[in-house]
Amino acid sequence: MPEMLFRDALTQALREEMQRDERVFIMGEEIGRFEGSYKVTRGLINEFGKKRVRETPIAEEGFMGAGIGAAMLGLRPVVEIMTLNFILVAMDMVINHAAKIRYMFGGEVQVPMVIRTPGGAGGQLTAQHSQSFESWFANTPGMKVLAPANPHDAKGLLKSAIRDEDPVLFIENLMIYTERGEVPDGDYIVPIGVAAVPREGTDLTIVSHSYATVRALRVANRLAQEGLSAEVVDLRSLRPLDVETIVNSVRKTHRLLCVEEGWPTYGVSAEIAARVQKACFAELDAPVERVGGAEVPMPYAKPLETAAIVNEEKIYQAARAVLAESGMLARGVS
Amino acid sequence: MPEEIVMPRLSDTMTEGTITRWLKKEGDAVKNGEILFEVETDKATLELQSYHDGTLVKILMGDGSTAPIGTPVGVLAKAGEEVDVSNYASGAAPPPAEPATTSAPTPPAAPAPEAGTPKPQAREATAAAEDVKASPLARVMAEQSGLDLRTLAGKGSGPGGRVVRQDVESAAESAPAPVARAGQSAGPSGPDHEDRELNRVRQAIARNLALSKPGAPHIYLTMEVEMDAALALYKQVNELVDDEQSRLTVNDLVMKATALALRKYTDLNAHFIDGKPPKLRVFNRINLTVAVPGDQGLMVPVVKDVDKKSLSQIAREAKEVYGRIRSNKPAPDDFQGGTFAVSNLGRWGIDEFQAVINPPQVGILAIGAAAPQAVVREDKVEIRSMMRVTLSADHRAADGVYAADFLVELKRLLEHPLGLVI
Amino acid sequence: MSIASQAKQRTESLPEEELRRLYRLMLLIRRFEERTEEQYTRARIGGYCHLNIGEEATVVGVVAATTPDDYLFASYRDHGMAIAGGSTANGVMAELMGKETGVAHGRGGSMHLLDVKHHFLGGWGIVGGQLPIALGAALALDYENRPGAVVCVIGDAAVNIGAFHEALNMAGVWQLPLVTVITNNGYGMGTSVEMASAEPELYKRASSYRMPSERVDGQDVLAVREAMVRAMRLARDERQPCVVEAMTYRYRGHSVADAAHAKLYRTQDEINDWMQRDPIPLFGERLRKRGVLNDRTVKKMTDEIEREVQEAIDFAVNSPDPDPQALYVHMYNRAAQEKFARMKPGAPFNEMHIAPGGAVPIAAESEPGRSEVASTN
């Protein structure tokens, strides 16, 4: 099976969907000649032309609304917001419009639109360019929010998003674009609302999404070398959220650690912890732990940035803390 | 049909109004758009226009009247209509107010709680207590009071019969004594443990050591114990004992000695609780985790209150526990509450070994074989039964000297074994 | 003559029938809005309710220049737009009263009317929010090489919000078929145009985007129509976006709940002056002079309209409220029911909760009108 970079898997998905359905078109800043800030749209303008690869001025509110209007008339726009941070100037369009149109018009119209954008931090991009607030959108009824963590899922989930008839926020990540992985040729989809379990284990469940899953898997490896068996649940979909898979895992391991790139207060992990405590109340052997980005505007200086990002060491320590808290019973004492 | 003029709702917050002045009299012609009256609201004095052409045939509420919105205040006959005004009494009690479509729709019926709490996953029949649906708090309380949760299974006050705190409390009150195993003395009254914060020095040690050695930073101390007196005692006692169950093993002696030593060196009878700041949870009870080979692998059941029990009691309980483990039918709390561990590989001929601490415990004693050896006593070579014990201690809880002192005490107890019988 | 070709015809050569139709439409909107205000005071309509009273010439004139190929977007002052666009008085009144039979099935209310069949795409609550979306509709028309253009009606205050600039700029850059109609009624809520706009001659803003624009007397329905015919032709045939500013006035306050009927920020004199230019009598006079209207015809129209509007009120009052058990219906498309299935365990609010008698689908019972909205012919 071919191996490729995460970003190239996205390009493949876009190309295949644009070939498959004439209604699909992409819109965003620098997606044409510049090939996209993160090269995801490289080559597409040559193949599909300027109407289907529509470059915009710097006007997020404007072109986000344009995506909505085009979707209402039956097209399938894939709007690229250069980084998640810039979605803020288009919040009204996303939250007050895209998420509400179907419902507020009594189901008479729909907005089958995808918004693709990378969150995440690293590289000293500083405060306004390093955020991961996808939880705000996962909190909004009417939105769907997806976040693949590997190239296989990137391609399959983007295809699902484009074929979906509701507004979908598709979260990529600055650090994840260069992750490698196997990607099947041809058409396949990854279903929305279903989490994956990339690593099975028995002692601890770690739930994460996007780049945090990449980190969590590395931490699980490290724990394994100490005889601790962590199961990693990769959410892939924040809304709808696959509570069933999470609950099944926690029922097996009785311990839960949630990891996210973003701020944990009122974050994705808060939601998971709340649902797990309700569904697995009597089966928890330790309180649910969360670990995420430090709640500061991302500082510039390298040591400060490193301290602020939810790195593997922090995840590792948090995992051990959960295990210790529950007085894990050892099988062997030798 | 004549048009009923009602007290109008002229603002979002208006609930009632006062007609300050009718601008039309009974019998006046009225045109669409003309003002009927002025009305004082919560916000301002406003006007109500007529929305129809017609004649104001009746004023039901005059100047100065106050009424809730929706109350009829007048009647307007449209062109060509005959109205019998005697049908409308002035100041009549208002008919039921118009349905207020602005009131919030009744919210959806509160969703029924999910039918029962989700079923716990099927487990092996052996781990029965874990199958009992109970709140985490109830579990802890049951363990502390020695209550067998299975006696309350499914009969708790929580949803689906879940056992909750109040069930454990009432059970503890009404039970004559906690479910006891033969010969077990009652657990101690009072708090089960005491949390101590580590002092600054210890915190610093804990921090530094944690960095250099992930998990509990182990220190290992080995002591040779002269077991002759203990072995002699063990033989004597076993000659006096009738039933098999009460026969001692050397390990029983070691366990009792360990427990008595832990009475003095309490920091080793503890759990290390990571946190900011980290804490040492020192237990009042001394429950020894004992390593036992089982079918599936090494098992670690717990013998409780070892310091309080006689040697024969310890022997009996230890055998019972091992028996249950081997036949794969452990009791609910066979694995719970261990405060310190003992592992004995002497039977397999191991001289000495280093055991790994079971976190969050902070110590484990590894017992080697007692074997005759040539030793030097008072400048002479003698044959003595020597046994090597190795203590693994969590350096965050105990320093080398403390650990050494513990071993010295253990050695003293084993070498003067009558103290174990008292 | 088909509606389409009629809409494109020069105003001078409009047949009498069409002139009467425009007049009747203005009468209908006026009476509908009056009775809407009355129903609001009877607490049958709640929330925000913005009326077109006084603006009938602008509303009718704008819509008169549209064909079935075109799309119409409006602000929250949309009742007149909806009716002029072809929605029934029944459906609009039922929506105002929040009933299941309303054009948005009671979910939208006064500010969110729509009529997919007649290409009226709302009814929008955020000032200027409809502009980028209208831009998107124009983009879709261009993308699929479809005939038609998009008319986006905004108020005078919306020209100052960011979305105005972004949308018009992109319409100009991409040369999209978008006609922006600024209904300048002098006030954005309580703030006059002069207080809010550095350039109060709002049509001039279009020159920043090199768009043709004009200002027209919004009380003259034929003048509005004529300006729109010109603008729509440019937009449809030459893909040249334009701006039309219609000078009009609202006789009522910003909304029905605007307690002081706008006397706090306007003078009675000003209101009276504008009432001298009430668009309905103005048009009526012209038509009588031309012999297109007489008292008898007007009385007939008035009586019919009175009945029509009363019927709409009765229809709405007697219509059922939406079922609270169906609160989550229309949240997502039908296939989403399955996608949300695994979210259920421990769902604190049981968002897919089962209604008595069976599962409540979380999508509309009927597929949304994609085929209507984006017909490819």
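Residues numbered from 1 in each chain as written. Chains lettered and ligands numbered in written order. Predicted model: local features only at pLDDT ≥ 70, side-chain atom pairs only at ≥ 80, totals over all residues. Heavy atoms only, no water.

### Notes on the overall build of chain A
If you tally the helices and strands in chain A, you get 12 helices and 14 strands. Here the C-alpha atoms of chain A give a radius of gyration of 20 Å, agreeing with the 20 Å that 2.2 N^0.38 yields for 334 residues. Taken over the C-alpha atoms alone, chain A extends approximately 70 × 45 × 40 Å along its principal axes. For chain A, contacts bridging at least 24 residues in sequence account for 82% of all contacts bridging at least 6. Accessible surface computed for chain A: about 11100 Å², of which carbon and sulfur atoms make up 51%. Charge separation in chain A, taken as the distance between the mean sites of 36 positive and 44 negative side-chain charges, equals 2 Å. (Helix = DSSP H or I, 4+ residues; strand = E, 2+ residues; numbered from the N terminus. Rg over C-alpha atoms; globule rule 2.2 N^0.38 Å. Contact = heavy atoms within 4.5 Å. Areas by Shrake-Rupley, 256 points an atom, 1.4 Å probe, with all protein chains shown as cover. Lys, Arg positive; Asp, Glu negative; His and termini not counted. Charge placed at Lys NZ, Arg CZ, Asp CG, Glu CD.)

### Description of the confidence of the model for chain C
Residue and element names in this part refer to chain C. For chain C, the average pLDDT comes to 88, and 90% of its residues sit at 70 or higher. Residue range residues 346-377 is modelled with pLDDT below 50. Its contacts to residues more than four positions away, or to other chains, number 78 contacts. For this predicted complex, the interface confidence score (ipTM) comes to 0.89, while the overall pTM stands at 0.71. (pLDDT = per-residue confidence, 0-100.)

### Structural notes on the environment of Thr56(A)
If you trace the backbone, Thr56(A) turns up in the loop between β3 (53-55) and α3 (60-72). Assessed through its relative accessible area of 11%, Thr56(A) is described here as buried. Put simply, Thr56(A) and Thr205(A) are 149 residues apart on the chain and 43 Å apart in space, counted from C-alpha to C-alpha. If we ignore the near neighbours within four places in the chain, the residues touching Thr56(A) are Met27(A), Gly28(A), Glu29(A), Phe63(A) and Trp174(C). (Buried < 20%, exposed > 50% of the residue type's maximum accessible area, 1.4 Å probe, protein only.)

### With respect to the environment of Leu158(A)
Residue and element names in this part refer to chain A. The topology assignment puts Leu158 in helix α7 (residues 151-163). For Leu158, a relative accessible area of 0% gives the class buried. For the pair Leu158 and Glu17, spaced 141 residues apart in sequence, the C-alpha to C-alpha distance is 9.2 Å. In contact with Leu158, not counting residues within four places along its chain, are Leu10, Ala13, Leu14, Val114, Arg116, Asp153 and Phe170.

### Focus on the interface of chain A and chain C
Contact residues are listed per partner, giving 60 residues for chain A and 57 residues for chain C. Interface area for chain A against chain C, summed over the two sides, is near 5000 Å², with a carbon-plus-sulfur share of 64%. Applying the counting criterion to the chain A and chain C interface returns five salt bridges. A salt bridge links Glu244(A) to Arg342(C), with the shortest nitrogen-to-oxygen separation between them at 3.9 Å. Across the contact surface, chain A and chain C share 25 residue pairs in polar contact (both at pLDDT 80 or more). The set of elements that each furnish at least two residues to the side of chain A that touches chain C consists of β2 (24-28), α2 (44-52), β3, α3, α4 (91-98), α5 (101-104), α9 (243-253) and α10 (268-279) of chain A. By residue class, the composition of the side of chain A that touches chain C is 26 nonpolar, 14 polar and 20 charged. (Buried area = accessible area lost by both parts, 1.4 Å probe. Salt bridge = Lys/Arg side-chain N within 4 Å of Asp/Glu carboxyl O. Polar contact = N/O pair within 3.5 Å; in protein donor to acceptor, adjacent residues only side chain to side chain. Nonpolar A, V, L, I, M, F, W, Y, C, P; charged D, E, K, R; others polar.)

### Some points on the sheet that holds strand β7 (residues 242-247) of chain C
For sheets, the rule is that strands pair by backbone hydrogen bonds, running either parallel or antiparallel. Residue and element names in this part refer to chain C. Reading across the sheet, the five strands line up as β1-β2-β3-β7-β6 and stay open at both edges, with parallel pairing between neighbours. With partners counted over all chains shown, the strands left at the sheet margins are β1 (71-73) and β6 (213-217), one partner each. Each strand of the sheet is rotated relative to its neighbour by a mean of 20°, with strand direction disregarded. The sheet strands contacting helix α6 (residues 130-143) are β1, β2 (150-155) and β3 (178-184), and the helix crosses β2 at an angle near 170°. (Pairing = 2+ DSSP bridges. Axes fitted to C-alpha atoms, helices over the stretch in contact; angles between N-to-C directions.)

### Things to note about the domain arrangement of chain A
All names here are of chain A. For chain A, the assigned domains read domain 1 (3-182) and domain 2 (196-325). Taken over C-alpha atoms, the centre of domain 1 sits 26 Å from the centre of domain 2. Tallying the contact residues gives 32 residues for domain 1 and 25 residues for domain 2. Buried surface at the junction of domain 1 and domain 2, summed over both partners, amounts to about 2300 Å²; 57% is from carbon and sulfur atoms. Considering only the side of domain 1, the residues that lose the most area to domain 2 are Gln124, Ala147 and Ala149, jointly responsible for 22% of the buried surface there. Put simply, domain 1 and domain 2 have two salt bridges between them. Across the pair Asp153 and Arg236 runs a salt bridge whose closest N-O atoms are separated by 3.1 Å. Here domain 1 and domain 2 share nine residue pairs in polar contact (both at pLDDT 80 or more) between them. Within the residue set of the side of domain 1 that touches domain 2, elements represented by two or more residues are α6 (134-138), β6 (144-147), α7 and β7 (168-173). (Domains from an automatic or database assignment.)

### Regarding helix α12 (residues 312-325) of chain A
Residues and elements named next belong to chain A. With 14 residues, α12 ought to run about 20 Å at 1.5 Å a step, and its terminal C-alpha atoms sit 20 Å apart, in line with that. Along α12, the residues that are buried comprise Ile315, Tyr316, Ala318, Ala319, Val322 and Leu323. The buried residues of α12 occupy an angular sector of 165° when projected down its axis, which confines them to one face. Packed against the buried residues of α12 are β10 (204-208), α8 (211-225), β13 (256-259) and β14 (289-291). (Expected span 1.5 Å × (residues − 1). Arc of directions from axis to C-beta.)

### Thoughts on the sheet that holds strand β3 (residues 29-30) of chain B
All names here are of chain B. Spatial ordering of the open sheet is given by β1-β8-β6-β3, a layout of four strands whose pairing is antiparallel. The outermost strands of the open sheet, each flanked by one partner alone, are β1 (3-6) and β3. Relative to strand β8 (residues 72-77), β1 is paired through four bridges, and the arrangement is antiparallel. Of the residues in β8, the one forming a bridge with Glu4 is Val75.

### A closer look at the nonpolar core
Counting residues in hydrophobic clusters, the biggest one holds 97 residues, and the most contacted among them are Met64(A), Ile87(A), Ile272(A) and Phe73(C). Here this core gets 10 residues from one element, more than from any other, and that element is α6(C). Formed jointly, this core draws a minimum of three residues from each of two domains, domain 1 (3-182) and domain 2 (196-325) of chain A. The contact partners of Met64(A), leaving out residues within four places of it in the chain, are Val79(A), Ile81(A), Ile87(A), Ala90(A), Met93(A), Val94(A), Met113(A) and Ile115(A). Listed in part, the 74 residues of the second largest apolar core include Leu28(C), Val103(C), Val229(C) and Ile280(C). (Core = buried A, V, L, I, M, F, W, Y, C linked by side-chain atoms within 4.5 Å.)

### Concerning the packing of aromatic side chains
The description of two aromatic rings rests on the distance between their centres and on the angle between their planes. Scanning all chains against the criterion turns up 15 aromatic pairs over all chains. Between Phe133(A) and Phe137(A), the ring centres sit 6.5 Å apart and the planes meet at 35°, which makes this aromatic pair tilted. A single burial state applies to Phe133(A) and to Phe137(A), both of which are buried. Relative to Tyr402(B), the ring of Tyr265(B) lies with its centre 5.4 Å away and its plane at 85°, an arrangement referred to as edge-to-face. One end of the pair, Tyr265(B), is in the loop between α6 (250-264) and β11 (270-273); the other, Tyr402(B), is in helix α8 (residues 400-415), with 137 residues separating them in the sequence. Take Tyr265(B): its relative accessible area is 18%, and that puts it in the buried class. Note that Arg54(A) overlies the ring of Trp174(C), its terminal NZ or CZ placed 4.7 Å from the centroid. Geometry around Tyr40(C) places Arg9(B) over its ring, the cationic atom sitting 4.2 Å from the centre. (Phe/Tyr/Trp six-rings, centres within 6.5 Å; stacked < 30°, edge-to-face > 60°. Lys NZ or Arg CZ within 6 Å of the ring centre and 35° of its normal.)

### Focus: the pairing of β3(C)
Residues and elements named next belong to chain C. Buried residues dominate β3, accounting for seven of its seven residues. On β3, burial covers both faces: Leu178, Thr180, Ile182 and Asn184 on one face and Val179, Val181 and Thr183 on the other are all buried. Pairing geometry for β2 and β3, over six bridges, is parallel. When the bridges of β3 are listed, Val151 appears paired with Val179. With respect to chirality, the unit in which β2 leads through helix α7 (residues 162-174) into the neighbouring parallel β3 is right-handed. (Right-handed = clockwise from strand over helix to strand, strands pointing away.)

### Focus on the environment of Lys279(B)
Residues and elements named next belong to chain B. Take Lys279: it is sitting in strand β12 (residues 279-283). For Lys279, a relative accessible area of 26% translates into the label partly exposed. Once the C-alpha coordinates of Lys279 and Asp195 are considered, the two residues, 84 residues apart in sequence, prove to be 6.5 Å apart. Not counting chain neighbours up to four residues away, the residues in contact with Lys279 comprise Asp195, Arg196, Glu197, His271, Phe272 and Ile273.

### Looking at the packing of α3(A) against α6(C)
Running from amino to carboxyl end, α3(A) crosses α6(C) at an angle of 55°, the nearest separation of the two axes being 6 Å. By the angle between their directions, the pair α3(A) and α6(C) is classed as oblique. Pair α3(A) / α6(C) crosses with right-handed handedness. Listed contacts from α6(C) to Glu61(A), Gly62(A), Gly65(A), Ala66(A), Ile68(A), Gly69(A), Ala70(A) and Met72(A) of α3(A) are Pro132(C), Ile133(C), Leu135(C), Gly136(C), Ala137(C), Leu139(C) and Ala140(C). When the residues that make up the contact of α3(A) with α6(C) are grouped by side-chain class, the tally is 10 nonpolar, four polar and one charged. (Parallel < 35°, antiparallel > 145°, perpendicular 65-115°, else oblique. Left-handed = near helix turned anticlockwise from the far one by under 90°.)

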